[in-house]
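# Observations on the model geometry
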Amino acid sequence: MSPVVVTGLGTVLSCGAGAEALAAALEAGEPALAEIDRSAGQHPPRASRLAALAQHVDLSPWLAPGRARRMSWPSRYAVAAATLALDSARLPAEARAGGTLAVALGTAFGTARYAEEMVRAILLQGPEAASPFHFSESVANAPAAQVAIACAARGANVAVTQREAGPPLAVALAAREVELGRCDWALAGATEEINPLVHAVLARFRALARPEADGGEAARPFDRRRTGFLAAEGSSVLLLEREEEARRRGAPLLARVRGWERGFDPTAAAHGWGRDPRRLADRLRRGLRRMGLTPDDLDLVVSGASGSVGGDRLEAGVLRALWPAGPPPVLAPKAVSGEYAGGQLAAAVLALGGRGLAPTAGFAEPDPDLGVTPWAGGPLPPPRRLLASALAVGGAAAWLVLEAA
Amino acid sequence: MTAAGRTRVVVTGLGAVSGWGAGVDALWRGLSSGRTALRPVERFATGRHRTTIGAEVPAEAVADGAADRRLSLADRFALAAAGEALAEAGLAADELADAGVFFGSSTGGMWESERFYARLIGSEPGRPRLAAITSQQYNGPGDAVARQLGVGGPVETLSSACTSGALAIAAALDALQGGEVELALAGGSDSLCELTYAGFNALRAVDPRPCRPFRADRAGMSLGEGAAVLVLETAAHAARRGARPLAELLAGASTCDAHHMTAPAPDGDGAARAIRQALAEGGLGAEAVGFVDAHGTGTPLNDAAEWQALSQVFAERAGELPLTAPKGAVGHLLGAAGALEAVATVACLRQGVVHPTAGAGPADPEMGARLVLGGPLPCPAAAGLSINLAFGGSNAALLFARWEPAA
């Protein structure tokens, strides 16, 4: 079977549309945050007020406003990001004629705004007030379906809903569809919406970064002072295809999907993080063996550490168990991209091209309990092969190994 | 390995929770009876809806201790079905450390989230307790199964509306054939909630009477709830531990219509491509399929599109193939529908009969389908096909065969 490569990358995140906007934000170490609407009074006192919101991003170059109005926000983000990915892969519609395109998108919360509006209408006005439009867009696979309609994608169409592990799981699923020849190309990644209710509930679970003394909020991955993550919305989409065909058509080769591993830590509560990093590390080591690799073959970790108190502890434990003498350089791009919407996945692809390899934003004080310090030095050389790690609330874990193609 | 070099994967355990209660036996008896478990919904008020019926899981069918109530209903359905499937497979918890769990759910713990939200906005009395929604996520049921069983392998939840359960089974098959795991639990779980009930009512997709798949006067779907789980393992793994295969899972395939958000493509092309892909990957010709367990929601558009797909793939033989659909008996289980129908397909293969299609009236003469009506139809088929269609144009096909050890 021909290896699978990434030939396109599209992002719509709070920092703007297009991978260049994300690369610039990562290099500047500056998350783009905005005030979340707390007027419903659902947030607890002294909770997070900020999120990496994306509704201000102009999507009109990739999605006509008239069509956008007939979509939920996660669908809009996904269609725009998918179009950007196809554009960057130099794969226009006419080049796709006769071929099959699949779609796999991860989402943690689905189309939260429409689902909330619908439930609110039912509860306050009665079931007659339920909107059929809101209902059809409230299903978790609505964004993937809208991408399929927009891009004539007639291959598999799947929404992966495994919280923080969703984006790499979607890439793994899509890569398998491509590898097995079930489709010619696959769009894979994530899309997410952070509405005030989701933000308030995350705040109630004490998952979000809390305001600091200066009134600001920061995700501080692996830092002793971390209090939580920055919730992010938007979409990140990769285009995957078989390497042989990508080379034949002269497509940009952004990365090769060397393989993936998935695991689960059953010590995790439904709303918490696992406490058995060794078991996850054993699983990852086994996966690397299946790929014909050892931990020493990896020269960069693009970590899913987000500033979460428990999540970063688990992540650090896995890295320490895998590399007892210390891991290779560790980047934690969620300090800039925020949690959800696949920014970490996009950052991993960018890293292979030598972009966004900056010190981890928000990190200053190592946490002695973690024993892992993210990269804080000068610019790094582009890695040969990297590990993108994604551990999830509830116990799931997914890892991708990407390498230079 | 198959002739095509693929690893053979077998089903060694089945579990189900449905409107007929707990257990595959209860489901099979209900399906075989030709009667329906659809009845007035009791969980919430339905007086202002177009329909008032649904196939609710009887309260006594799932665990209801204090600890269980911290789980969502969908979680509890999933745990009950998984427990039954594992017992039939003869697997103990200590054999599951490296297993995978692949689950479909379209709403997870939405019912519990609705109650939380009602209290949050003051439309119901009481304090909104976070504990009530710790398992709210789509991934709640699959994670609950993995957590309870101490699974350490891949855990993946897919939420592609009504194909979710079938896609989860197909994903498990890929993981087994790809060498990632040797043992997996695959299935789906969903509970009735006000969002989906009101949503399908708002779309005018529901029939006030119990749904009547493939009938001329069909007028919409009926909702159900529940869970179904299959234990899947490589044939080599099953042989090593002396497990008895119930059937072989030959293939799982999925496609998309890319046509409309809620309506299937009328020509059935997407579903036909999924069926053809499943046949190709399973190494079977269309003539080897002995019966079809259809999605059969009872909506005019779905059943017509499905029939078009079957006509494309099976040509003249489409009218000879026994065709059945469980939704007239148990309603539409949404994210669990594909899993429950997979269980029904395996049960048909094991029993050598095809269960009838509950619902009143003769088959739609426009179609010319050989709809199984009245009672079980003897059908010692070598292979059976289960298909599902979903919102967003997602299609899935699962191909099962009677287990035949290699000569």
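Keep in mind that this is a model prediction, so the values were computed, not measured. (Residues numbered from 1 in each chain as written. Chains lettered and ligands numbered in written order. Predicted model: local features only at pLDDT ≥ 70, side-chain atom pairs only at ≥ 80, totals over all residues.)

We now examine the overall build of chain B. Across its full length, chain B holds 11 helices and 16 strands. A compact globule built from 407 residues should have a C-alpha radius of gyration of about 22 Å, and chain B, at 20 Å, falls within 12% of that. In terms of its C-alpha atoms, chain B occupies a principal-axis envelope of roughly 65 × 50 × 40 Å. Residues counted as buried form 68% of the 407 residues belonging to chain B. (Helix = DSSP H or I, 4+ residues; strand = E, 2+ residues; numbered from the N terminus. Rg over C-alpha atoms; globule rule 2.2 N^0.38 Å. Buried ≥ 20, exposed ≤ 12 C-beta atoms within 10 Å, placed from the backbone.)

A word on the overall build of chain A. Across its full length, chain A holds 14 helices and 13 strands. Scaling as 2.2 N^0.38, a compact globule of 405 residues should have a C-alpha radius of gyration of about 22 Å, and chain A matches this with 20 Å.

Turning our eyes to something else, we now look at the interface of chain A and chain B. Taken together, the contacts link 54 residues of chain A with 56 residues of chain B. Looking at the side of chain A that touches chain B, the elements with two or more residues in it are α5 (112-125), α6 (132-138), α7 (142-151), β6 (157-160), α8 (166-179), β9 (255-264) and α11 (277-290) of chain A. The element contributing the most residues to the side of chain A that touches chain B is α5 of chain A, with 7 residues. Residue classes in the side of chain A that touches chain B are distributed as 30 nonpolar, 13 polar and 11 charged. (Contact = placed C-beta atoms within 7 Å. Nonpolar A, V, L, I, M, F, W, Y, C, P; charged D, E, K, R; others polar.)

This part takes up the nonpolar core. Judged by nonpolar contacts, the single largest core of 319 residues is most densely connected at A186 and L240 of chain A together with A184 and V343 of chain B. Here this core takes 11 residues from helix α2 (residues 73-89) of chain B, the largest share from any one element. Excluding residues within four positions of it along the chain, V343 of chain B makes contact with L14, A16, V24, A228 and L230 of chain B. (Core = buried A, V, L, I, M, F, W, Y, C linked by C-beta atoms within 7 Å.)

A few words on helix α1 (residues 24-33) of chain B. All names here are of chain B. Taken residue by residue, α1 has V24, L27, W28, G30 and L31 as its buried positions. Down the axis of α1, the buried set is contained in an arc of 165°. They therefore lie on one face. Buried residues along α1 sit against β1 (9-18), α2, α10 (327-330) and α11 (337-351). The first or second residue beyond α1 is G34, which carries a positive phi of 75°. (Arc of directions from axis to C-beta.)

Next up on the list: the environment of H332 of chain B. All names here are of chain B. Examined against the element boundaries, H332 turns out to sit in the loop between α10 and α11. Under the C-beta neighbour-count criterion, H332 is labelled buried, with 29 such atoms within 10 Å. Counting along the chain gives 35 residues from H332 to T297, while the straight-line C-alpha distance between them is 6.9 Å. In this structure, H332 is in contact with C162, M221, S222, L223, G224, T297, K327 and A337, ignoring residues within four places of it in sequence.

All names here are of chain B. Of all 7 residues that make up strand β15 (residues 383-389), 7 are buried, and the element is covered over most of its length. Neither face of β15 is open: one carries A383, L385, I387 and L389, the other G384, S386 and N388, and all of them are buried. Bridging between strand β10 (residues 291-293) and β15 involves 3 bridges; their strand directions are parallel. Paired with D293 across the bridge in β15 is S386. Hairpin remark: β15 followed by strand β16 (residues 394-401), antiparallel, with 4 residues in the connecting loop; positive phi at G392, about 85°. (Pairing = 2+ DSSP bridges.)

Attention shifts here to the confidence of the model for chain B. Across chain B, pLDDT averages 95, with 99% of residues at or above 70. Interface predicted TM-score (ipTM) for the complex: 0.97; the corresponding pTM is 0.98. (pLDDT = per-residue confidence, 0-100.)

This next bit is on the packing of helix α3 (residues 73-88) of chain A against α7 of chain A. All names here are of chain A. It is at 8 Å that the axes of α3 and α7 come closest, and there the two elements cross at 45°. Here α3 is positioned oblique relative to α7, judged by the angle of their axes. The two elements α3 and α7 meet at a crossing, and its hand is right-handed. From α3, P74, S75, A78, V79, A82 and L86 reach across to α7, where they touch A142, P143, Q146, V147, A150 and C151. (Axes fitted to C-alpha atoms, helices over the stretch in contact; angles between N-to-C directions. Parallel < 35°, antiparallel > 145°, perpendicular 65-115°, else oblique. Left-handed = near helix turned anticlockwise from the far one by under 90°.)

A word on unusual backbone geometry. Among all residues save glycine, negative phi is the norm, and among peptide bonds the norm is trans. Residues and elements named next belong to chain A. Positive phi, normally seen in glycine, also occurs at F222, with a value near 65°. Counting through the fold element by element, F222 comes out in the loop between α9 (196-204) and β8 (234-242). A residue is classified by how many C-beta atoms lie within 10 Å of it, and F222, with 27 of them, is buried.

Here we take up the packing of helix α8 (residues 269-282) of chain B against helix α9 (residues 300-314) of chain B. Residue and element names in this part refer to chain B. Between α8 and α9, the least distance of the axes is 8 Å, while the angle of their chain directions is 45°. Taken as axis vectors, α8 and α9 run oblique relative to one another. Handedness of the crossing formed by α8 with α9: right-handed. Along the contact surface, α8 presents A271, A272, I275 and R276, while α9 presents A305, E306, A309, Q312 and V313. When grouped by side-chain class, the residues that make up the contact of α8 with α9 number 6 nonpolar, 1 polar and 2 charged.

All names here are of chain B. Buried residues dominate β1, accounting for 10 of its 10 residues. By the bridge criterion, 8 bridges tie β1 to strand β8 (residues 226-234) in an arrangement that is antiparallel. What sits directly across from A16, in β8, is A228. Two strands pair when backbone bridges link them, and β1 and strand β2 (residues 21-22) are joined in this way by 2 bridges, in the antiparallel orientation. If you follow S18 over to β2, its bridge partner there is G21.

Before going further, it helps to examine the environment of L279 of chain B. For L279 of chain B, the location among the structural elements is in helix α8. Considering only alpha carbons, one finds L279 of chain B and V313 of chain B, 34 residues apart in sequence, at a separation of 9.9 Å.

Moving on, we come to α11 of chain A. Residue and element names in this part refer to chain A. Its 14 residues give α11 an end-to-end C-alpha distance of 20 Å, which sits within 8% of 20 Å, the value for a rise of 1.5 Å per residue. Of all the residues in α11, the buried ones are P277, R279, L280, A281, R283, L284, G287 and L288. Close packing links the buried residues of α11 with β9, α12 (309-322) and β13 (396-403). (Expected span 1.5 Å × (residues − 1).)

The next thing to look at is the environment of L232 of chain B. All names here are of chain B. With respect to the secondary-structure elements, L232 resides in strand β8. Sequence-wise, L232 and L31 are 201 residues apart; in three dimensions their C-alpha atoms are separated by 23 Å. Beyond its immediate stretch of four places on either side in the chain, L232 contacts V9, V11, A172, L173, L176, A184, A186 and L249.

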